[in-house]
Every structure is written in C-alpha cells, then in structure tokens.
Amino acid sequence: MEYGATTESWYMARSVHSIDPLECVERLASENAVVIFSASSCCMCHAVKRLFCGMGVHPTVYELDQEPLGREIERALARVLGVVPPVVPVVFIGGKLIGAMDRVMASHINGSLVPLLKEAGALWL
C-alpha cells in the first residue's frame, strides 16, 4: 500500500527546539488534501489508511512513532481533539480537522466523507 510520500522529515526546516507542535500540526494539515497522523503499529491507523486508499485517495501519512517530534505532535493532536490519552489516527481533509477513527467512519457511513474529499480535491469521481 502506497501513501503520499514525505521526502524529508517535517521537523528539519527549523531547529528541533524552536518548533511549536500545534503550529507544526496546522502547517502539515494544510499542505495536502488528506493528511493522516498515524502510528505504524496501530491497527485502527491501518484501517483508516486502507479506507482512503480503497476509495482511490492517496493520503499523506505521518507515522508519529517514527518521527523525532512524534510524541510532541501526538500531544498537540490530543489537545486539539480534547482527549486524553493521545489518540491516533487523526485525519485532516482540506486542512480541516475531521477527527479520529470514529468521526471518519461516521462520516463515511452517513455519506458526508465523499463530498469532503471532492471539495478538497482528493477525489474526482
């Protein structure tokens, strides 16, 4: 399964100590039509990635357990979602927070996911 590739780690643009995790989340979420913050060993993350790929969408995926700032980004995502402990996957479409797996699946089931993907330019059919 192929996801949108990140050619360089997203923390490299600035010194590791000067990055605000919330600012980093906002920047990364707005750079691509569909962005998934994930953990490589998480079965729910795998399921949401499969959902999008099965629809013909190629999300940009950030595997937080493989990034030096992954823990900080995960905590920032937890603050944005208002949950404790931190939870993945977290999905953004068109730069807008959709939420964790439950919100993505609810959107898929109620039919609102496809229009969001079309509006973001991630799906053309």
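Residues numbered from 1 in each chain as written. Predicted model: local features only at pLDDT ≥ 70, side-chain atom pairs only at ≥ 80, totals over all residues. Heavy atoms only, no water.

Visitor: Give me the packing of aromatic side chains: which residues, what numbers.
Guide: One pass over the structure, following the stated rule, counts two aromatic pairs. With centroids separated by 5.6 Å and ring planes inclined at 25 degrees, the aromatic side chains of F37 and Y62 adopt a geometry described as stacked. You can see F37 sitting in strand β1 (residues 34-38) and its partner Y62 sitting in strand β2 (residues 60-63), a full 25 residues away along the chain. Residue F37 is classed as buried on the basis of its relative accessible area, which comes to 0%. (Phe/Tyr/Trp six-rings, centres within 6.5 Å; stacked < 30°, edge-to-face > 60°. Helix = DSSP H or I, 4+ residues; strand = E, 2+ residues; numbered from the N terminus. Buried < 20%, exposed > 50% of the residue type's maximum accessible area, 1.4 Å probe, protein only.)

Visitor: Which residues make up the sheet that holds β1, and what values go with them?
Guide: Within a sheet, adjacent strands bond to each other through the backbone by hydrogen bonds, running parallel or antiparallel. In spatial order, the strands read β2-β1-β3-β4; together these four strands make up an open sheet with mixed pairing. One side of each edge strand has no neighbouring strand; the edge strands of this open sheet are β2 and β4 (96-99). Neighbour-to-neighbour, the strand axes of the sheet open up by a mean angle of 20 degrees, direction not taken into account. Here helix α4 (residues 101-110) sits on the sheet in contact with β3 (90-93) and β4, set at roughly 95 degrees to β4. (Pairing = 2+ DSSP bridges. Axes fitted to C-alpha atoms, helices over the stretch in contact; angles between N-to-C directions. Contact = heavy atoms within 4.5 Å.)

Visitor: So what about the confidence of the model for the protein? Which residues, and what values?
Guide: If pLDDT is low for a region, its predicted coordinates should not be looked at in detail. The pLDDT averaged across the protein works out to 87; a share of 86% of its residues lies at or above 70. Predicted confidence for residues 10-16 stays below pLDDT 50, and this span has 18 contacts to residues more than four positions away or in other chains. (pLDDT = per-residue confidence, 0-100.)

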